[in-house]
Amino acid sequence: MREHSDIVIAGGGPVGTTLALLLADSDCSIQLLEARADLARPAHRRTLALSYGSRLILERLGVWSGIGEVTPITTIHISQRGGLGMAWLRATEEKLPALGYVVDYAELDAALHARLRDSAVAVVSGARVDEVRVASGYAMLKASRAGVVTPVTARLAVVADGGAATTQRVSRDYDQHALIASVTTELPHNGCAHERFTPDGPAALLPQGAGFALVWTAGPARVQALLALPDAEFLRALQQHFGDRVGRFLSVAQRASFPLGLRYAAQVTRPHTVLIGNAAQMLHPVAGQGFNLGLRDAWELAARIRTSTREALGGAAMLAAYTSARRLDTRGGIFFTDLLVRLFSNDNALLHHGRSVGLAALQALPPVKRFVARRMIFGARG
Ligand SMILES: Cc1cc2nc3c(=O)[nH]c(=O)nc-3n(C[C@H](O)[C@H](O)[C@H](O)COP(=O)(O)OP(=O)(O)OC[C@H]3O[C@@H](n4cnc5c(N)ncnc54)[C@H](O)[C@@H]3O)c2cc1C
């Protein structure tokens, strides 16, 4: 481990590694400290829907072609259980080849780390950052590796630990867990993702390979019960929940669950320190926005670092410029997902009717649909 670098990134998940790659050819010395001792073991098991905008960033880094299986989403169908209104977002309407892409978190992580191995970035695995504090003109980190604690200084410490540090404050507990699984169905997906709102919480089917990745949100007790069901009973419950839009559900594999909440840092910067990705904001996965937002954090921070002198790195002016550039996109992402979860996860009769009207309006008003689609694909600046 180096005792000093211009930039130290704490956390080598997809957001931290993306930032490291974006800066790999800059004049700054960069060290990435990752807690996992074995980088071949991903920090999480989940499927990610990446927006077309995220693809453009990963393509520019030469990572896109290294991701194993990529399934394009060409249509998104949005519906409400027991309601009439529904909407379709289509890539052709946006004049894009796809609205987004479904990838495996582990494959994306592996592709990013493979690219990083060929770069000038110093990657230290098995290095856990336990503390980040401000010293005069620097950030001072304490990192432990194999039981040895090493103090490390940096002009700028970037915390990309996925929210593992206690810097976040809990803003909202949704009292929902996400059950994830791979499922196969009678009908082919034809690139169509399904987002279905139910009083228990939203459920999504993302096209992945020949089947779908399922994200089913419900109360914690219900999710535990669903996890414990034998496959055949689980498939029956899923059929009842989702309806027959994709025909019969035929098989299920790899069920797992996560608690869901909204957490975000009141301030994403401190002197010589910045939080990005899930360390800055952890969203409900309802609209598949978390990683996409984190990737845009990395993109913007890299741009600020590149235009900063070494002396100004981590200084007040640079950090204020970063915060102000990211504010609208971050707040928009938090507001949008939070609103979706709260408006759609209940069985209030009045809201039920309002939602049907809202979905019908979304379908009937192309400019509104276009506004929503562009924000989901490219962020607040559309
Ligand atoms: C069920 C579910 C589905 C989701 N679906 C989507 C989706 O479809 N689309 C989307 O955009 N987002 C989705 N997300 C969100 C997405 O997973 C996150 O936004 C993304 O993983 C954040 O990346 P990150 O690099 O910031 O954090 P992480 O992926 O959590 O990576 C953090 C890294 O930091 C390391 N680390 C932790 N602590 C330390 C430490 N102290 N020192 C050093 N290293 C440390 C970890 O080992 C890990 O490698 C979903 C989330 C869930 C729960």
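Described in the following lines is the structure provided in the data block.

Conventions adopted
- Residues numbered from 1 in each chain as written.
- Predicted model: local features only at pLDDT ≥ 70, side-chain atom pairs only at ≥ 80, totals over all residues.
- Heavy atoms only, no water.
- Helix = DSSP H or I, 4+ residues; strand = E, 2+ residues; numbered from the N terminus.
- Rg over C-alpha atoms; globule rule 2.2 N^0.38 Å.
- Buried < 20%, exposed > 50% of the residue type's maximum accessible area, 1.4 Å probe, protein only.
- Contact = heavy atoms within 4.5 Å.
- Areas by Shrake-Rupley, 256 points an atom, 1.4 Å probe, with all protein chains shown as cover.
- Lys, Arg positive; Asp, Glu negative; His and termini not counted.
- Charge placed at Lys NZ, Arg CZ, Asp CG, Glu CD.
- Pairing = 2+ DSSP bridges.
- Axes fitted to C-alpha atoms, helices over the stretch in contact; angles between N-to-C directions.
- Parallel < 35°, antiparallel > 145°, perpendicular 65-115°, else oblique.
- Left-handed = near helix turned anticlockwise from the far one by under 90°.
- Near = heavy atom within 4 Å.
- Polar contact = N/O pair within 3.5 Å; in protein donor to acceptor, adjacent residues only side chain to side chain.
- Nonpolar A, V, L, I, M, F, W, Y, C, P; charged D, E, K, R; others polar.
- Core = buried A, V, L, I, M, F, W, Y, C linked by side-chain atoms within 4.5 Å.
- Phe/Tyr/Trp six-rings, centres within 6.5 Å; stacked < 30°, edge-to-face > 60°.
- Patch = residues over 30% accessible without salt bridge, like charges linked within 9 Å, V, L, I, M, F, W, Y side chains within 5 Å.
- Salt bridge = Lys/Arg side-chain N within 4 Å of Asp/Glu carboxyl O.

Topic: the overall build of the protein chain
Part 1: Looking only at helices and strands, the protein chain features nine helices and 19 strands.
Part 2: Rg of the C-alpha trace for the protein chain: 21 Å, near the compact-globule value of 21 Å for 382 residues, within the 12% margin.
Part 3: For the C-alpha atoms alone, the extent of the protein chain along its principal axes is close to 60 × 45 × 35 Å.
Part 4: Taken over 382 residues, the protein chain has a buried fraction of 52%.
Part 5: Contacts in the protein chain between residues far apart in sequence, at least 24 positions, make up 72% of those at least 6 positions apart.
Part 6: Split by element, the accessible area of the protein chain, about 16800 Å² in all, is 55% carbon and sulfur.
Part 7: Positive and negative side-chain charges in the protein chain, numbering 41 and 31 respectively, have mean positions lying 4 Å apart.

Observations regarding the sheet that holds strand β3 (residues 47–51)
Strand pairing in a sheet relies on backbone hydrogen bonds. The paired strands run either parallel or antiparallel.
Part 1: With antiparallel pairing, the three strands of this open sheet are ordered in space as β3-β7-β4. Edge strands, defined here as strands with exactly one partner in the open sheet, are β3 and β4 (71–73). Between one strand axis and the next, the sheet turns through 30° on average, direction left out of account.
Part 2: Two elements, β4 and strand β7 (residues 100–104), share three bridges in a ladder whose sense is antiparallel. Looking across to β7, one finds that Ile73 is bridged to Gly100.
Part 3: Where helix α2 (residues 52–60) meets the sheet, its contacts fall on β3 and β7, and the angle it forms with β3 comes to roughly 90°.
Part 4: Along the sheet face, helix α3 (residues 105–117) touches β3 and β7 and points at about 85° away from the line of β7.

So, the packing of α2 against helix α6 (residues 290–306)
Part 1: In the contact formed by α2 and α6, the axes pass within 10 Å of each other and the chain directions differ by 45°. Between α2 and α6, the angle is such that the two are oblique. Judged by the twist between their axes, the crossing of α2 over α6 is left-handed. Between α2 and α6, the residues in contact are Ser54, Ile57, Leu58 and Arg60 and Asn292, Leu295 and Trp299, respectively.

Some thoughts on the site of the ligand
Part 1: Around the ligand, a shell composed of 33 residues is seen, among which Glu34, Arg46, Ala49, Tyr105 and Asn278 lie nearest.
Part 2: For the ligand, an oxygen atom lies 2.8 Å from a polar atom in the side chain of His44.
Part 3: Starting from 1000 Å² of accessible surface for the ligand in isolation, the protein chains cover 93%.
Part 4: Elements with a contribution of two residues or more to the shell around the ligand: α1 (14–23), β2 (30–34), β3, β9 (127–135) and α6.
Part 5: Classifying every residue of the shell around the ligand by side-chain character gives 16 nonpolar, twelve polar and five charged.

With respect to the nonpolar core
Part 1: Within the largest apolar cluster, 76 residues are counted, with the highest numbers of intra-cluster contacts made by Ile7 and Ile276.
Part 2: The biggest single contributor to this core is α6, with seven residues.
Part 3: Contact partners of Ile7, with chain neighbours within four places excluded, come to Leu23, Cys28, Ser29, Ile30, Gln31, Ala154, Leu156, Val158, Ile305 and Leu313.
Part 4: Judged by nonpolar contacts, the second largest core, of 19 residues, contains Val223, Phe242, Val246 and Phe249.

With respect to the environment of Trp88
Part 1: As for its position among the elements, Trp88 is in strand β6 (residues 86–90).
Part 2: Setting aside residues no more than four positions away along its own chain, Trp88 makes contact with Thr75, Ile76, His77, Glu93, Arg245, Gln363 and Lys369.

A look at the pairing of β9
Part 1: Alignment of β9 against strand β10 (residues 138–145), held across eight bridges, turns out to be antiparallel. Considered in β10, the bridge of Glu131 is made with Lys142.
Part 2: Connecting β9 to the antiparallel partner β10 that follows it, the hairpin turn spans two residues, and Gly137 within it adopts a positive phi of roughly 80°.

Things to note about the packing of aromatic side chains
Part 1: According to the stated counting rule, one finds four aromatic pairs in the structure shown.
Part 2: Look at Trp64 and Tyr101: their rings are 5.1 Å apart centre to centre, the planes differ by 75°, and that puts the pair in the edge-to-face class. Of this pair, Trp64 sits in the loop between α2 and β4 while Tyr101 is found in strand β7, placing the two residues 37 residues apart along the sequence. Each of the two residues, Trp64 as well as Tyr101, counts as buried.
Part 3: Measuring from centroid to centroid gives 5.7 Å for Trp216 and Phe234, while their planes differ by 50°, and the two rings are tilted. Taken together, the residues span a long stretch of sequence, with Trp216 in strand β15 (residues 211–218) and Phe234 in helix α5 (residues 231–242) at a distance of 18 residues.
Part 4: Residue classification places Trp216 among the buried residues on the basis of a relative accessible area of 0%.
Part 5: By relative accessible area, which is 0% here, Phe234 ends up buried.
Part 6: An aromatic cluster is built from Tyr52, Trp64 and Tyr101, whose rings are joined through pairwise contacts.

Some words on a nonpolar patch on the surface
Part 1: On the surface, Phe335, Leu339, Leu343 and Leu351 cluster together into a nonpolar patch covering about 330 Å² of accessible area.
Part 2: With three residues, the top contributor of residues to the nonpolar patch is helix α7 (residues 316–344).
Part 3: Tracing the chain through its elements places Leu351 in helix α8 (residues 349–364).

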